[in-house]
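Each chain is listed here by its residues.
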Amino acid sequence: MSQIEISQIIEQIKEEIEVDANGQAKASIRATARLAGVDHTAIINHLQSGELKPTKLAQSIIRQGFETGELREWRTIGIPDMAIAIILEYYAYEAGRYCTKQARLVCRSFNTIGIRAWIQDKLGWTKPTSNSETAMTQIQLLAAIAQQMAQQEQYLLEQQQQQTQILARLKAVEVEQDRVNTPCGHKYSVVGFANLQGLEISVKEAGTKGRKASALCRKQGIEIERIHDPRFGKVGLYPESILIEVFSTGQN
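First, a word on what this report is: a plain description of the structure on this page. (Residues numbered from 1 in each chain as written. Predicted model: local features only at pLDDT ≥ 70, side-chain atom pairs only at ≥ 80, totals over all residues. Heavy atoms only, no water.)

1. A short note on the sheet that holds strand β2 (residues 25–27)
Piece 1. In space, the 3 strands of this open sheet follow the order β1-β2-β3, with antiparallel pairing throughout. In this open sheet, the two edge strands, each paired with only one partner strand, are β1 (17–19) and β3 (79–80).
Piece 2. When β2 meets β3, the two strands line up antiparallel, connected through 2 bridges. Looking across to β3, one finds that A27 is bridged to I79. (Pairing = 2+ DSSP bridges. Helix = DSSP H or I, 4+ residues; strand = E, 2+ residues; numbered from the N terminus.)

Right, dumping it as structure tokens:
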């Protein structure tokens, strides 16, 4: 598909695209679908999903500040130009097997100037402005771009935080699996092991047994894991086999 064919499509859907006095553009769902090279029912399904279980495309639109209720209204009042840009970008690069070459070509056409200016140009819309108004329009455009970039950065940051949390949970699972599978068995603190065995133990005795367990671990080259205990501060976790030996020695 060439730019000539794109121009022909614009001519065919011209009546379904409009630009208001402020230069803001909108297009019908059918016109947007023609630009993206997809069936209009696909876009309708995405927009209607907003209030129930939003699709990936609906989520992208909502993240840009649109309300879910607005998406359903676009079926009758038309899709705003900023949302059209999101839809075209989705079908150009993010829709997987539903991506279209036409959507990519249209995206490349308006990427340098923005979808609103692109539609204005295609419809031949012009508005006389003074130098100060032109400057203000450029400033507003830059501000809008900066805001969009900030939103994208915030989204990426949230994704990174979620990944960090997932990795932390996986690490905890791996540690527990390693503890279960280790030849030494589970690890316990001295007091925890005593409670497990139904034994009463004083603070002094726990300290003595802890030192013995530490010495045995060092002798056997076993790393001592330490955790925070609200009563004793940092306490060691010792393999079950080491604690069995320590407690057995203490009973003899």
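2. What to know about helix α6 (residues 81–94)
Piece 1. Look at α6: 19 Å from first C-alpha to last across 14 residues, which is about the 20 Å you get at 1.5 Å a residue.
Piece 2. D81, A83, I84, A85, I86, I87, L88, Y90, Y91 and A92 are the residues of α6 that are buried.
Piece 3. Phi turns positive one or two residues past the end of α6, at G96, with a value near 65 degrees. (Expected span 1.5 Å × (residues − 1). Buried < 20%, exposed > 50% of the residue type's maximum accessible area, 1.4 Å probe, protein only.)

3. Some words on the environment of S214
Piece 1. Mapped onto the elements of the fold, S214 is located in helix α11 (residues 203–220).
Piece 2. For S214, a relative accessible area of 7% gives the class buried.
Piece 3. Sequence separation of S214 and I242 is 28 residues, and the distance between their C-alpha atoms is 9.0 Å.
Piece 4. Setting aside residues up to four positions removed in sequence, S214 forms contacts with I224, R226 and Y238. (Contact = heavy atoms within 4.5 Å.)

4. Quick look at the packing of aromatic side chains
Piece 1. Enumeration according to the criterion identifies 4 aromatic pairs in this entry.
Piece 2. Relative to W74, the ring of F66 has its centre 5.2 Å away and its plane inclined at 85 degrees; by these criteria the two rings are edge-to-face. Residues F66 and W74 agree in their burial class; the two are buried.
Piece 3. Taken together through their ring pairs, the aromatic side chains of Y188, F193 and F247 make up a single cluster. (Phe/Tyr/Trp six-rings, centres within 6.5 Å; stacked < 30°, edge-to-face > 60°.)

5. Examining a nonpolar patch on the surface
Piece 1. A grouping of I166, L167 and L170 is seen on the molecular surface, where their side chains present a nonpolar patch of about 290 Å² in accessible area.
Piece 2. Inspection of the secondary structure assignment puts I166 in helix α9 (residues 131–181).
Piece 3. Judged by its relative accessible area of 42%, I166 falls in the partly exposed class. (Patch = residues over 30% accessible without salt bridge, like charges linked within 9 Å, V, L, I, M, F, W, Y side chains within 5 Å. Areas by Shrake-Rupley, 256 points an atom, 1.4 Å probe, with all protein chains shown as cover. Salt bridge = Lys/Arg side-chain N within 4 Å of Asp/Glu carboxyl O.)

6. Re the nonpolar core
Piece 1. Within the largest apolar cluster, 41 residues are counted, with the highest numbers of intra-cluster contacts made by I43, L47, I61, W74, I79, L88 and Y91.
Piece 2. In terms of residues, this core owes the most to one element, α6, which gives 9 residues.
Piece 3. Those residues in contact with I61 that lie beyond four places of it in its chain are L47, F66, L71, W74, I86 and I87.
Piece 4. Core analysis: the next-biggest nonpolar cluster, separate from the first, contains 15 residues, V190, A213, I242 and F247 among them. (Core = buried A, V, L, I, M, F, W, Y, C linked by side-chain atoms within 4.5 Å.)

7. Notes on helix α3 (residues 40–48)
Piece 1. Looking only at α3, the buried set comprises I43, I44, H46 and L47. Down the axis, α3 shows its buried residues gathered within 160 degrees of arc, on one side only.
Piece 2. Residues of α3 that are buried make contact with α2 (29–36), α4 (56–63), α5 (68–77), β3 and α6. (Arc of directions from axis to C-beta.)

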